[in-house]
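Next come the chains, spelled out residue by residue.
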Amino acid sequence: MPKIIKSVFIFSAALLVSWQASAEVSFNSARVVAEDVLATGEFYKAAFGMYEVQRLNLQGGNVELMLNFGATEQAAKDNPDAQVVIMHRDAGAAVDPVAHLIFNVTDMDSTVAAIKAAGGTITREPFEFGKTGIWICMTTDPAGNQVELLKQP
C-alpha cells in the first residue's frame, strides 16, 4: 500500500508542477501580415472598433502596428489583453492558409456589416455550430488574412 501512496504523491506533485508552469503562460498577441500595413490597420479599426496602441517604424520603411480593444484610444493602450499585431508581408509572399484571428462578438449581424463596409470579405456566412447555440462566421481582411467570428449562446 505505501508504494501506491508514494506513486500517487509523485504523480500529484508532477501535475502540480506542470500546472504551475503552464499557469504562467498567457496569450500575448496574434500576428497577421499585409502588404499595406496601414490600410489593413484601418480595416481592423473600422470593422472591429480597435485602436492603434503602438507603431514601430522599422528599417526599410516598413511599419508594424499593434491594435487593441477599448472604449477610447487610451483605454485600448491600458488594456492588458492580447493585441493584434500587423506586420509587413512582401508582395507575392504566400498567405498562411491556416493561421487566423478569432474574435468573440455579441452582435454577429452588425459585425458582419462592419466588416463588409470596411472592405473585408465574408468567406462563410454565419452558421450555427451544430445545435450548440454558438454561431460562427469566416471572413478575410483586405490583405487575405482569415478572421473567425464566434457568438456564444
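Before reading on, note that the structure itself is shown above.
Residues numbered from 1 in each chain as written. Predicted model: local features only at pLDDT ≥ 70, side-chain atom pairs only at ≥ 80, totals over all residues. Heavy atoms only, no water.

If you had to explain the nonpolar core to someone new, which residues and values would you point to?
Counting residues in each nonpolar core, the largest one holds 25 residues, and the members touching the most others are Tyr44, Phe48, Ile86, Leu101, Phe103 and Leu149. When residues of this core are traced back to their parent elements, those giving at least two are β1 (29-34), α2 (37-48), β3 (63-68), β4 (83-88), β5 (100-104), α4 (108-117) and β8 (146-151). Per-element accounting of this core gives the leading share, five residues, to α2. Not counting residues within four places of it along the chain, the set of residues in contact with tyrosine 44 comprises Val32, Gly49, Met50, Leu67, Ile86, Leu101, Phe103, Asp141, Asn145 and Val147. (Core = buried A, V, L, I, M, F, W, Y, C linked by side-chain atoms within 4.5 Å. Buried < 20%, exposed > 50% of the residue type's maximum accessible area, 1.4 Å probe, protein only. Helix = DSSP H or I, 4+ residues; strand = E, 2+ residues; numbered from the N terminus. Contact = heavy atoms within 4.5 Å.)

Pulling in residues and values, what's your account of the sheet that holds strand β6 (residues 121-128)?
Reading across the sheet, the four strands line up as β5-β8-β7-β6 and stay open at both edges, with mixed pairing between neighbours. Each edge of the sheet is formed by a strand with only one pairing partner; in this case those strands are β5 and β6. Neighbour to neighbour, the strand axes of the sheet diverge by 15° on average, direction disregarded. Relative to β8, strand β7 (residues 135-140) runs antiparallel, the two sharing six bridges. Across the sheet, cysteine 137 pairs through a bridge with leucine 149, a residue of β8. (Pairing = 2+ DSSP bridges. Axes fitted to C-alpha atoms, helices over the stretch in contact; angles between N-to-C directions.)

Go over α2 with me, naming the residues and quoting the values.
Compared with an ideal rise of 1.5 Å per residue, which puts twelve residues at 16 Å, α2 spans 16 Å between its outermost C-alpha atoms and is within 8% of the ideal. Those residues of α2 that fall on the buried side of the exposure criterion are Val37, Thr40, Gly41, Phe43, Tyr44, Ala47 and Phe48. The buried residues of α2 occupy one face: seen down the axis, they fall within an arc of 155°. The opening residue of α2, the one whose side-chain oxygen lies 3.4 Å from the backbone nitrogen of leucine 38, is aspartate 36. Phi for glycine 49, located one or two positions after α2, is positive at around 70°. (Expected span 1.5 Å × (residues − 1). Arc of directions from axis to C-beta. Polar contact = N/O pair within 3.5 Å; in protein donor to acceptor, adjacent residues only side chain to side chain.)

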